[in-house]
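Architecture and fold: a report
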Amino acid sequence: MNAPRLRLDQVNYRYGDLQVLENISMTVQPGEFVSILGPSGSGKSTLFRLLTGAITTDTGTTEFDGKPLAGAERPFAFMPQRDALMPWRKILDNTTLGLEVQGMRRAAARERVAPLFSEFGLAGFEENYPTELSGGMRQRAALLRTVVQDKPMLLLDEPFGALDALTRAGMQRWLEAMWEKHRWTAMLVTHDVREAVHLSDRIYVLSPRPAKVIREIEIDLPRPRGRDAATQARAAAIEADILETLLKPDPDHSGGASS
Amino acid sequence: MSFSQSQSGRLAVQMISHIRHALPAVLAVGSLVLIWEGYARFSGVSPTTLPAPSRVLEQAFEYRQALFDNAIPTLRATLTGFALSLAAAFLLSVIIDFVPRLKRALFPVFIISQTLPLVAIAPLIVLWFGFGLLPKILLVALVTFFPMLVALSKGYEATEQDLEQLLASMGAPRWKLFWLARLPSSLPFFFAGLRISITYAVVGAIFAEYAGAAKGLGIYMLNAKNNFRPDLVLAAVLVSAALTLCLFGAAVLAERLAMPWTRRVSTGGQNR
């Protein structure tokens, strides 16, 4: 196996008396799409807060490309749960936010982002405010804002959680196609089993609080997924299996985590 | 051709909807004035006790020069005091936002400053600072400062958590977080506070003038009252109300200009 891009080893986090993360170990390879799947409130977002530096670990190590993670400069581009677009900025200026924070001039940042609008299905909406866009378009704008920062890895925190079922399914297909093209190294947090199976190369299943890795599943399905009956049937079987694990956490079932 | 027709058609529809919107308010105010007019005319009450609205208007026109001359100093005190108050509220809100411990120290002081009865404070401020412009400015600032400070502070705190986490993940330092997220997030709150404050401003200036001044609507009202001219008191009240309404309108206009995104809500993107 080549060196992992991100490696968490025995990471613990306590909030007061509450154990939130317990001995979390996981890796993400370069170009790999990994999902963290767990029930609501299991500490999935806490994991991202650790990675982005909002909080610090109690024990355990976090390494990126073999070096420990520390300091304010993080190698991640983060996409929060709700789109977090600024209502007072036009879409174009929302998507340049990360570049501006990095110190790029606004005009230069615009020039860099503008050509990507059509690929993200946003052409013609550069000068609109976020309130004028549909939920799906807002999420695409948020993803554009994320990837344009050109960071080595994406952190996606339930990016489609606030969308209706139909829009969500469309966005999942779209994201899969975009990922196939760009092969971002990405970590997705979600509680949607189907979403995780549809998008991931690998899934870590977390237990309810305190969050432990109770399963690690390799998703070896051909892409694009969910287009032919055979793949769909296999995906459905995996989904059912994962759901079983989530609804009945069985200690005997936790094969992949510690081995 | 058909485009311009539909344009003007839409304009007419908008006009009608505006009129329909304002109609209840116009009717309510109109009937109150009519009742007042009727009572003043037919109940036999003396015009030196309760003048009819028609008499107030007539006298306001008669004394328009005096009213205008006295409105100018009031307006000057109001605007200067309000500008001072706005600057102070903004500066303090920023300092408090960066040093939260100061908030716990200072807020009780500000709250106490708002409990002081104006009737008692106004003459004291005049006693300390004389009959010039300064005591008026200070009193206007005193009554308008707090709502704006509270609104700004609340506004900063209303910044979306996701947005703060996003900016932190981008490596934004605290001042960038303030400039890019907290300050713009506070705008709707700030303008709500501004609307409240601006309605107090003219009243604050008049209070200060009432306590002692060479010129101004406040001292004009006091003199008119002492001369048994309630019609002129009410005429001055009318002018001060008009001033407040103008300032309120300016605040609403500033809000629209500062927050253009709140006006452009359409369903255009919803289907795509």
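Residues numbered from 1 in each chain as written. Chains lettered and ligands numbered in written order. Predicted model: local features only at pLDDT ≥ 70, side-chain atom pairs only at ≥ 80, totals over all residues.

Within chain A, the regular secondary structure consists of 9 helices and 10 strands. The C-alpha extent of chain A, read off along each of the three principal axes, is 55 × 45 × 35 Å. Per-residue burial for chain A yields a buried fraction of 41% across its 259 residues. Residue pairs in contact within chain A that sit at least 24 positions apart in sequence constitute 69% of those at least 6 positions apart. (Helix = DSSP H or I, 4+ residues; strand = E, 2+ residues; numbered from the N terminus. Buried ≥ 20, exposed ≤ 12 C-beta atoms within 10 Å, placed from the backbone. Contact = placed C-beta atoms within 7 Å.)

What follows deals with the interface of chain B and chain A. On the side of chain A, 25 residues touch chain B, which itself brings 22 residues to the contact. Mapped by element, the contributors of at least two residues to the side of chain B that touches chain A are α7 (161–169) and α8 (174–210) of chain B. Considering every element that reaches the side of chain B that touches chain A, the biggest residue donor is α7(B), with 7 residues. In terms of residue class, the side of chain B that touches chain A is built from 10 nonpolar, 7 polar and 5 charged. (Nonpolar A, V, L, I, M, F, W, Y, C, P; charged D, E, K, R; others polar.)

Looking at where Q149(A) falls in the secondary structure, it is placed in the loop between α5 (135–147) and β7 (153–157). Linking Q149(A) and E100(A), residues 49 residues apart in sequence, is a C-alpha distance of 9.6 Å. Every residue in contact with Q149(A), bar those within four places of it in the chain, is listed here: A77(A), G98(A), L99(A) and M170(B).

The next thing to look at is the sheet that holds strand β10 (residues 213–218) of chain A. Residue and element names in this part refer to chain A. If you trace the 6 strands from one edge of the open sheet to the other, you get β6-β7-β8-β3-β9-β10, paired in mixed fashion. Each edge of the open sheet is held by one strand with a lone partner, namely β6 (76–79) and β10. Taking the axes of each pair of neighbouring strands and ignoring which way they run, one obtains an average angle of 15° across the sheet. Of the strand pairs in this sheet, β7 and strand β8 (residues 186–190) are connected by 4 bridges, and their pairing is parallel. Looking at β8, one finds that D157 is bridged to V189. (Pairing = 2+ DSSP bridges. Axes fitted to C-alpha atoms, helices over the stretch in contact; angles between N-to-C directions.)

A few words now on the domain arrangement of chain A. Residues and elements named next belong to chain A. Segmenting chain A into domains produces domain 1 (26–54 + 156–259) and domain 2 (77–151). Look at where the C-alpha atoms of domain 1 and domain 2 centre, and you get two points 25 Å apart. Across the boundary between the two partners, domain 1 contributes 14 residues, which contact 10 residues of domain 2. Ranked by the residues each element gives to the side of domain 1 that touches domain 2, the list is headed by helix α6 (residues 165–182), at 3 residues. (Domains from an automatic or database assignment.)

In this structure, L37(A), L155(A), Y204(A), V205(A) and L167(B) are the most contacted members of the largest nonpolar core, which totals 74 residues. Leaving out residues up to four positions away in the same chain, L167(B) has contacts with V101(A), A172(B), L177(B), L180(B) and A181(B). Counting 50 residues, the second-largest nonpolar core is a separate cluster that includes L149(B), F207(B), V233(B) and L234(B). (Core = buried A, V, L, I, M, F, W, Y, C linked by C-beta atoms within 7 Å.)

Glancing now at the packing of α7(B) against α8(B). Residues and elements named next belong to chain B. Across the interface, α7 lies against α8 with an axial gap of 10 Å and an inter-helix angle of 150°. Two packed elements cross with a definite hand, and for α7 against α8 that hand is right-handed. Counting all contacts with α7, which are made through L163, E164 and L167, the residues of α8 involved are L177, L180 and A181. Taken together, the residues of the contact of α7 with α8 sort by class into 5 nonpolar, no polar and 1 charged. (Left-handed = near helix turned anticlockwise from the far one by under 90°.)

All names here are of chain A. Read across the sheet, 4 strands follow the order β2-β1-β4-β5 without closing on themselves; strand pairing throughout is antiparallel. With partners counted over all chains shown, the strands left at the sheet margins are β2 (18–28) and β5 (67–68), one partner each. Across 5 bridges, the pairing between strand β1 (residues 6–15) and strand β4 (residues 59–64) is antiparallel. Residue N12 lies in a different strand from β4, and its bridge partner there is T59. The strands that helix α1 (residues 44–52) touches are β1 and β2; relative to β2, the one it contacts most, it runs at about 70°.

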